[in-house]
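Residue-level structural notes
One letter stands for each residue in the lines below.
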Amino acid sequence: MLSLAGDTFHLSRSTLLRLASAIGSAAVFGMLAAPVLQAAYWPSAFALAFIYGFFFVGGTGFRILIAVAVQDASRKASASWSGATTASALAVLAVALLLGPGGQEAPLLLAAYAVAINFAYIPVKLACVEAGCCHAHRRDRLVIRDHDLRHVEITASVVVLAASLATLWAGSAGMAACLGAGGHLAIRLLSRWSRDRLPASGLPNEIKGQELVPLALVFAAAIWLAAWQ
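Overview of the structure.

1. Some points on the packing of aromatic side chains
Taken as a whole and assessed by the stated rule, the structure comprises five aromatic pairs. Ring geometry for F29 versus Y52: centroids 5.0 Å apart, planes at 20°, classification stacked. Placement of F29 in helix α1 (residues 13–33) and of Y52 in helix α2 (residues 41–59) is noted, with a sequence separation of 23 residues between them. In terms of burial, F29 and Y52 fall into one category: buried. Between Y41 and W42, the ring centres sit 4.9 Å apart and the planes meet at 85°, which makes this aromatic pair edge-to-face. On the basis of relative accessibility, which here comes to 36%, the residue Y41 falls in the partly exposed class. A relative accessible area of 58% places W42 in the exposed class.

2. A closer look at helix α5 (residues 105–131)
The end-to-end C-alpha separation of α5 is 39 Å, in line with the 39 Å expected for 27 residues at 1.5 Å each. Within α5, 21 of the 27 residues are buried, which leaves the element mostly enclosed by the surrounding structure. Residue G132 follows α5 closely and has a positive phi angle near 75°.

3. Remarks on the packing of α1 against α5
Where α1 meets α5, the axes come as close as 8 Å, and the angle between the chain directions of the two elements is 170°. As the angle between them shows, α1 and α5 are arranged roughly antiparallel. Within the contact of α1 with α5, the residues separate by chemical class into 18 nonpolar, four polar and three charged.

4. A look at helix α4 (residues 81–99)
Since the α-helix turns once every 3.6 residues, residues separated by three or four places project in the same direction. Look at α4: 27 Å from first C-alpha to last across 19 residues, which is about the 27 Å you get at 1.5 Å a residue. All of the buried residues in α4 are W81, S82, G83, A84, T85, T86, S88, A89, A91, V92, L93 and A96. Positive phi appears at G100, one or two residues downstream of α4, with a value of about 75°.

5. Considerations on empty space enclosed by the protein
In total, this model carries two cavities of 30 Å³ or more according to the counting rule given. Space inside the second largest cavity adds up to approximately 40 Å³. S21, F56, W81, T85, I117, A120, Y121, V124, H184 and R188 are the residues that line the second largest cavity. The set of elements that each furnish at least two residues to the lining of the second largest cavity consists of α4, α5 and α7 (173–194).

6. Description of a nonpolar patch on the surface
Taken together, the side chains of F46, F50, I51, F54 and F55 make up a nonpolar region of the molecular surface, amounting to roughly 590 Å² of accessible area. Residue position: F50 is located in helix α2.

7. Looking at the pattern of salt bridges
Enumeration over the complete set of coordinates arrives at six salt bridges. Ionic pairing is found between R138 and D196, a salt bridge with its closest N-O pair at 3.7 Å. Taken together, the positions of R138 in the loop between α5 and α6 (149–169) and D196 in the loop between α7 and α8 (212–228) put the pair 58 residues apart, joining distant regions of the chain. Overall, R138 belongs to the partly exposed group, its relative accessible area being 34%. Overall, D196 belongs to the partly exposed group, its relative accessible area being 35%. For the salt bridge of D148 with R150, the shortest nitrogen-to-oxygen distance reads 2.7 Å. Owing to a relative accessible area of 6%, R150 belongs among the buried residues under this scheme. A network of salt bridges, in which partner residues are shared, links R188, R192 and E211.

8. Quick notes on the layout of surface pockets
Computed from the structure, the second largest pocket encloses a volume of approximately 200 Å³. Lining the second largest pocket are 13 residues, and of these F29, L48, I51, V95 and L109 lie nearest its centre. For the lining of the second largest pocket, the elements supplying multiple residues, two or more each, are α2 and α4. Examining the composition of the lining of the second largest pocket, we find that five residues originate from one element, α4, more than from any other.

9. Quick notes on the nonpolar core
Judged by nonpolar contacts, the single largest core of 44 residues is most densely connected at F29, Y52, F56, L109, L110, Y113 and V218. Of all the secondary structure elements, the ones that give two or more residues to this core are α1, α2, α4, α5, α6, α7 and α8. Considering every element that reaches this core, the biggest residue donor is α5, with 13 residues. Beyond its immediate stretch of four places on either side in the chain, L110 contacts V92, A96, A177, V218, A221, A222 and L225.

How each quantity is defined
- Per-chain numbering applies: the sequence of each chain, read as written, is numbered from 1 onward.
- Side-chain atom pairs in this predicted model are given and counted only at pLDDT of 80 or more, local residue features only at pLDDT of at least 70, and totals for whole chains, interfaces and linings cover all residues.
- For side-chain calculations, the full set of non-hydrogen atoms in the structure is used, while hydrogens and water are omitted.
- Under the pairing criterion, centres of Phe, Tyr and Trp rings, with the six-membered ring standing for Trp, must be within 6.5 Å; the plane angle then separates stacked pairs below 30 degrees from edge-to-face pairs above 60, leaving the rest tilted.
- Helix and strand labels come from DSSP, where a helix needs a run of H or I of at least four residues and a strand needs a run of E of at least two; each type is numbered from the N terminus.
- The rule is simple: take the accessible area with a 1.4 Å probe, protein chains only, and divide by the maximum for that residue type; under 20% is buried, over 50% is exposed, in between is partly exposed.
- By this rule, a helix spans an expected 1.5 Å times one less than how many residues it contains.
- All axes are obtained by fitting lines to C-alpha atoms, using only the stretch in contact for helices, and the reported angles, taken between N-to-C directions, cover 0 to 180 degrees.
- Throughout this description, any angle smaller than 35 degrees is read as roughly parallel, any larger than 145 degrees as roughly antiparallel, any in the 65 to 115 degree range as roughly perpendicular, and the remainder as oblique.
- We call Asp, Glu, Lys and Arg charged. Ala, Val, Leu, Ile, Met, Phe, Trp, Tyr, Cys and Pro are nonpolar, and the rest, Gly among them, are polar.
- Using a 1 Å grid laid over the protein atoms alone, points where a 1.4 Å probe fits but cannot get out form a cavity; open sets with protein on both sides within 12 Å along at least 5 of 7 lines form a pocket; any residue with an atom within 4 Å of a point counts as lining.
- Grid points are joined across faces, edges and corners, and a volume is the space filled by probe spheres set on the points.
- To count toward a patch, a residue needs a relative accessible area over 30% and no salt bridge; like charges are then connected within 9 Å, while nonpolar side chains (Val, Leu, Ile, Met, Phe, Trp, Tyr) are connected within 5 Å.
- Computed by Shrake-Rupley with a 1.4 Å probe, the accessible areas treat only the displayed protein chains as cover when residues are assessed.
- Any Lys or Arg side-chain nitrogen located within 4 Å of an Asp or Glu carboxyl oxygen qualifies as a salt bridge.
- By convention a nonpolar core is built from buried Ala, Val, Leu, Ile, Met, Phe, Trp, Tyr and Cys residues, the set being connected through side-chain atoms within 4.5 Å.
- By the convention used here, residues are in contact when the closest approach between their heavy atoms is within 4.5 Å.

Keep in mind that these numbers describe shape and distance, not what the molecule does.
In structure tokens:
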């Protein structure tokens, strides 16, 4: 939300958190993936951050484009953060598959994405806490129980992020990609199940869970590339 107060614009805290998610994750991706280009570090980091940001931010608008294309007022036309995940995951996956196995570039690219998407999810969920949305409708006995789903997601994302970074720092890009992509996929599945937002649930005119398949493909590609290392 953008409101006018006097002569200055004031961004809501949830909007600032979502901006931090997009900008921060793009910066993280660029800095971690820069060696893939085998050129000067900072120009490479900036270029990759810009490309990642293009797909990440562009993916948020898919619901708006669909609603306009089909002219269906019942469709949700809000920005989609799962759309951001879908677009960025497919773009990174395509490049990683073109690079192929046998080298360090493809695993590093997927590891950079895995770290960046987990980083992005933390301020997004903090924005959900601020906005009061995304509560659990169903609870399991092991993970969520009586906890706030959003706090569970934030904590899990921090753990996955730390594990992925530590593994990448230790020199295993393939394993870092597996941990980051698999961990984030598990968090998304838990979140969608608990909110009754899996693809086969809810209203039939809503697109739900479109990020799950791309994340699963990234995870599968990470396992495949790690096996070659």
